[in-house]
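Chain by chain, the residues run as shown.
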Amino acid sequence: MAEGTNPGPPVADSIDGANDGHMRIVLAASFLLATVLPAQGPRPVPPCPRPPAGYQAELWQRAWALHHRAIVVDTHIDTTTRILDHGFDMGPRASDGHVDLQRAAEGGLDAVFYSIYVDSRFFGDEGALFATPPSSINDDWPRPRDAGAANGSARRALDMIDGLVRTVERHSDRMVLCASTATLTGAVGAGRHAALMGIEGGHAIEGDLGLLRQFHRLGVRYMTLTHTNHNEFADSCAPAEPRWGGLNRLGEKVVREMNRLGIMVDVSHVSDATFADVLQVSTAPVICSHSSLRSICPHPRNITDDMLRALAEQGGVVMINYNCGFLDAEYGKRSSARAATRRIQEKSARDTFAADSPELRQALANLDERFPPVERPPLQVLIAHLLRAIEIAGPDHVGLGSDFDGVPCVPAGIDDATFLPRLTYELLAAGQPDATVEKVLGQNLLRVFGAVERRSAELRGTAPECNDPTTDRLPRPQ
Ligand SMILES: [Zn+2]
């Protein structure tokens, strides 16, 4: 690998050590990981289109130029799920979803951490869950009671990585798989889309520090410690009852090993107790890859002002999520009420009519008509989160983590990646200096990523963490 901060063995050694059928993925990812590309001089700014309605022409031109000169990084995009599960091709311009290579280029979206997302249903010991995936009623899925056996999580993560790697292979003239700040900025300087990988859901490593290292060798550069489930080492914000009360001893080792390897620790989705534990344990700045502010929208997925201050004090960065339900409490309430009623009606229709029957299709179409989507909030609600985060944490600790292609609703006015220059316009219109806007667009994430790389380099030569079944599940000593 070219990034020069990998304290582990060379990639060839890890391939020799692999003992399953995923060697092909290891090889493909390793060879695709970018070496540092030569910089190509100042980046050309594409012709500025007419300003959107209500936008001031001069400020729009200034925003457009600043936006396309800046390195724009998004730390959380779920197009990987479309690629793997639906055969989505990022090459041509698509008429649905939020991101493809063409729309990313038009919107000046230079670098993306594609989510190696492992749904919580892949975790646990209820193998039957895999056999009966419901088509649309996810909330009715039973949650496994216990972590551990019959876990399909690592396999799912490997498949996700393979989907992204295949996409990079297919479009290697336009995109590059990157695993370091140097390769990211090199790719962007050479006019190519930088694709990076972040695991979403720490259950992907199945409680195994060796698997964590394997994912690092494949190029994974952040990991969200939990998704909506507690796992072998950390509590999520989703279930009401805590399992460990934060990180357990294994969780402590996972965080330390991520510091050693140079994987950014991501605290989006974790419980408040896990968040506090991570800030105590991590010796490198941490990220919130896709969370918004609880002071504006009181949702447990969002972070409080105090959490944000603590994150910033340690040098970290919060990347604001565009999901309507995390931005606007009213939208959240209205759409939850709609979904709850619709779900009951949908279940009744599915119980009444045969699967794939014309009757069922008609009944579902009728439901779509009776329960139209709740009206989307405007772009200003997203801007309000960004401005407040800048106000609370300062300009060095805020970024963008859209959750594009992972959420059912984004505000009107940021409909897909092509709308991103409007964010730059709105921040400038709100009086933010050019330097702050460039930081929010990508420089802050690059700074934290660089700090994590430097910490990893400092820790080179220290012993890797190892699992210990006799103590891993014990509470973390306070
Ligand atoms: Zn998420």
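Computed from a prediction, not measured in an experiment: that's the story for all the values here.

**Regarding the overall build of the protein chain**
Thinking step 1. A tally of regular secondary structure across the protein chain gives 18 helices and 9 strands.
Thinking step 2. Looking at the 478 residues of the protein chain, the share that counts as buried comes to 50%.
Thinking step 3. Sequence separation of 24 or more characterises 77% of the internal contacts of the protein chain that already satisfy a separation of 6 or more.

**Remarks on unusual backbone geometry**
Thinking step 1. You will see that His269, though not glycine, has its phi angle at about 80 degrees, which is positive.
Thinking step 2. Secondary-structure assignment places His269 in the loop between strand S6 (264–266) and helix H11 (272–281).
Thinking step 3. Its 26 C-beta neighbours within 10 Å are what place His269 among the buried residues.
Thinking step 4. At Asp405, a position not held by glycine, the phi torsion is positive, near 65 degrees.

**Looking at the pairing of strand S2 (residues 111–117)**
Thinking step 1. Buried residues dominate S2, accounting for 7 of its 7 residues.
Thinking step 2. Of the two faces of S2, the one carrying Ala111, Phe113, Ser115 and Tyr117 and the one carrying Val112, Tyr114 and Ile116 are both buried.
Thinking step 3. Pairing geometry for strand S1 (residues 73–77) and S2, over 3 bridges, is parallel. The residue bridging Val73 from the neighbouring strand is Ala111, located in S2.
Thinking step 4. With 7 bridges connecting them, S2 and strand S4 (residues 193–200) associate as parallel partners. Bridge assignment links Ile116 to a residue of S4, and that residue is Ile199.

**Description of the pairing of strand S5 (residues 220–224)**
Thinking step 1. Taken across its 5 residues, S5 has 5 buried, putting it largely inside the fold.
Thinking step 2. Handedness of the β-α-β unit built from S4, helix H9 (residues 209–218) and S5 comes out right-handed.
Thinking step 3. Relative to S6, S5 runs parallel, the two being bridged by 3 bridges. In the sheet register, Thr224 faces S6, and the bridge partner there is Asp266.
Thinking step 4. Note that the unit made of S5, helix H10 (residues 249–261) and S6 has a crossover that is right-handed.

**Things to note about the environment of Asp416**
Thinking step 1. Following the sequence through the fold, Asp416 ends up in the loop between strand S9 (398–400) and helix H17 (420–429).
Thinking step 2. Along the primary structure Asp416 and Asp405 are separated by 11 residues, whereas in three dimensions their C-alpha atoms are 9.1 Å apart.
Thinking step 3. With residues up to four places along the chain from it excluded, the contact list for Asp416 reads His98, Val99 and Arg103.

**Structural notes on helix H7 (residues 153–170)**
Thinking step 1. Taking 1.5 Å per residue, 18 residues should reach 26 Å; H7 reaches 26 Å between its end C-alpha atoms and fits that length.
Thinking step 2. Taken together, the buried positions of H7 are Ser153, Ala154, Arg156, Ala157, Leu158, Met160, Ile161, Gly163, Leu164, Val165, Thr167 and Val168.

**What about the environment of Glu359?**
Thinking step 1. Counting through the fold element by element, Glu359 comes out in helix H15 (residues 358–370).
Thinking step 2. Residue class for Glu359 comes out exposed when judged on the 11 C-beta atoms lying within 10 Å of it.

**Some thoughts on the nonpolar core**
In a soluble, globular protein the nonpolar side chains are often hidden away together inside.
Thinking step 1. Counting residues in hydrophobic clusters, the biggest one holds 121 residues, and the most contacted among them are Ala157, Ala195, Leu196 and Val318.
Thinking step 2. Once you skip the residues sitting within four places of it in the chain, Ala157 turns out to touch Ile116, Val118, Ile199, Ala204 and Phe215.

Calculation rules
Residues numbered from 1 in each chain as written. Predicted model: local features only at pLDDT ≥ 70, side-chain atom pairs only at ≥ 80, totals over all residues. Helix = DSSP H or I, 4+ residues; strand = E, 2+ residues; numbered from the N terminus. Buried ≥ 20, exposed ≤ 12 C-beta atoms within 10 Å, placed from the backbone. Contact = placed C-beta atoms within 7 Å. Pairing = 2+ DSSP bridges. Right-handed = clockwise from strand over helix to strand, strands pointing away. Expected span 1.5 Å × (residues − 1). Core = buried A, V, L, I, M, F, W, Y, C linked by C-beta atoms within 7 Å.

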